[in-house]
Amino acid sequence: MSTLKGRNLISITDFSKEEYIEVLDIAEGFEKNPKQKILSDKVVATLFFEPSTRTRLSFESAANQLGARIIGFSDPGGTSVQKGESLHDTIVMVSSYSDLIVMRNPKEGSSRYASEVASVPVINAGDGANQHPTQCMLDLYSIRKTQGTLENLQIACVGDLKYGRTVHSLVQAMCNFNATFHLVSPQELKLPSSVKMSIKNAGLKYYQYTDLRDIIPTADIIYMTRVQRERFPDPMEYERVKDSCILSADMLAGCKPNMRVLHPLPRVNEITTDVDRTPYAYYFQQAQNGVYVRQALMAAILGAK
Amino acid sequence: MESKKEMVVSAIENGTVIDHIPTESVYQVIRILGLERYKDEVLIGNHLTSGKLGRKGIVKIKNKHFSVEEVSKIALVAPFASIIDIEDYKVVKKFKAEIPDHVENFVRCANPKCITNAEAVPTKFDIVDKENLKLRCHYCEKFTTKETMKFAE
């Protein structure tokens, strides 16, 4: 049985390198055989205090395929939360109705707090701009699956590296695997110094760029993110830089054959649709991998693997 | 300590003297130690002449002794403060306030989106940089610094 039984997953730093690998190995088993009714005696609560498409549906699909029953809400409207019930009271109550809580809440730190008041394990499905560890786990799964390893890779992160929590978590996780980082962003949206410090502390290297073309021949993984107009106080500035982080199929000539493009989705225009038809596009499979990884996490935490 | 000859704030027979407090931090020290609710004598002096600091604050608390842990919280606002235990008008122990590794309850998280600012959640921080006073919130994982630090009422 997994050492993860009964554990919470709130932040990507809650698990060790060995524990990430364990989850990825279990997920691989679910990819081969996704319908295993090993949680048929369990109730999973999915509490979504703000809307989410992929994350909620993939958690619910994962729980369903394992035979678990699901309770919860996808919007706090119509629940006691709207009447002013505190998060504390909601979590205490839901703990008594379920075996596992999956929660998304816009308040940062809310999942950590929920895990301290809940009597059952909590999985963080996103707490504002803070952490979204299951996204990071599925990113790791996708990288390992496409590259055959997590070790010694050239990882390019592109777009909004300042506010993109998925990039921060991915960089922190990949620091365990001797990665070299290539960071492409407009000047205004560079990776925060605290995350760069994690790279330095791990004894690893990073290089910064403003033009996406510069990293195409080097990268094993190009991790794209959305550059949002509202991040720029000056609209002229947005217009000036917006095309520097757009990937199109013609730019991929000269990339490594093993290179794959990842994106946490939703995509807007930062990957043109002609990339979808190249062998390098992996973002839709990446989203699908989210189901296997979430199956693995739920099964391990509930002691069924 | 002040020289006895020209003691501006009267001596206490038994209790604690907190000396060498920066003038701007005296009332924060009082708040951090919860002395607003203390029912015995508390003597406060501020902007007193000091060899070390130029001007300083001093607080004398009658019949109250603090544990090192209890009093170390004040190091966040008064890093050079001396804590002096007095018994029978004599100094029985003197030590410096030292910045602790963790603080709970009394600092507010500077992140307005943190759950601790939305619900009645007691705050918890790890002090990750004692020299520059940088605190990392246990919940939202964001940093609160000397410049952004506020104290719970």
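Definitions and cut-offs
- Residues numbered from 1 in each chain as written.
- Chains lettered and ligands numbered in written order.
- Predicted model: local features only at pLDDT ≥ 70, side-chain atom pairs only at ≥ 80, totals over all residues.
- Contact = placed C-beta atoms within 7 Å.
- Nonpolar A, V, L, I, M, F, W, Y, C, P; charged D, E, K, R; others polar.
- Core = buried A, V, L, I, M, F, W, Y, C linked by C-beta atoms within 7 Å.
- Buried ≥ 20, exposed ≤ 12 C-beta atoms within 10 Å, placed from the backbone.
- Helix = DSSP H or I, 4+ residues; strand = E, 2+ residues; numbered from the N terminus.
- pLDDT = per-residue confidence, 0-100.
- Pairing = 2+ DSSP bridges.
- Axes fitted to C-alpha atoms, helices over the stretch in contact; angles between N-to-C directions.

Chemist: Just give me the short version of the interface of chain B and chain A, but keep the residues and values in it.
Modeler: On the chain A side, the residues contacting the 14 residues of chain B number twelve residues. Classifying every residue of the side of chain B that touches chain A by side-chain character gives seven nonpolar, three polar and four charged.

Chemist: Any details on the nonpolar core? Residues and values, ideally.
Modeler: With 102 residues, the main nonpolar core has A:Ile101, A:Tyr223 and A:Met298 as its most contacted residues. When residues of this core are assigned to their parent elements, the largest contribution, eleven residues, is made by helix 9 (residues 283–301) of chain A. Look past the residues within four positions of A:Tyr223 in its chain and what remains in contact with it is A:Ile155, A:Ala156, A:Cys157, A:Val158, A:Val167, A:Leu170 and A:Leu262. Judged by nonpolar contacts, the second largest core, of 21 residues, contains B:Val26, B:Ala75, B:Leu76 and B:Ala81.

Chemist: Go over the confidence of the model for chain B, please, and point to the residues and values.
Modeler: Of all residues in chain B, 95% attain a pLDDT of 70 or more, and the chain-wide mean is 90. Prediction confidence for the complex, expressed as pTM and ipTM, is 0.89 and 0.89 respectively.

Chemist: Which residues make up the sheet that holds strand 10 (residues 143–145) of chain B, and what values go with them?
Modeler: All names here are of chain B. Reading across the sheet, the four strands line up as 6-8-9-10 and stay open at both edges, with antiparallel pairing between neighbours. Each having just a single partner strand, strand 6 (102–104) and strand 10 make up the two edges of the open sheet. If you compare each strand with its neighbour and ignore which way they point, the axes differ by 30 degrees on average. Pairing geometry for strand 6 and strand 8 (residues 124–129), over three bridges, is antiparallel. Note that in strand 8 the partner of Glu 104 across the bridge is Lys 124.

Chemist: I'd like to hear about the sheet that holds strand 4 (residues 82–87) of chain B, residue by residue, with values.
Modeler: Residues and elements named next belong to chain B. Taken in spatial order, the five strands make up an open sheet running 2-3-1-4-5, and their pairing is antiparallel. Looking at which strands have only one partner, the edges of the open sheet turn out to be strand 2 (42–50) and strand 5 (90–96). Averaged over all adjacent pairs, the angle separating strand axes in this sheet is 20 degrees, with direction ignored. With seven bridges connecting them, strand 2 and strand 3 (residues 54–62) associate as antiparallel partners. The residue of strand 3 that forms the bridge with Gly 45 is Ile 58.

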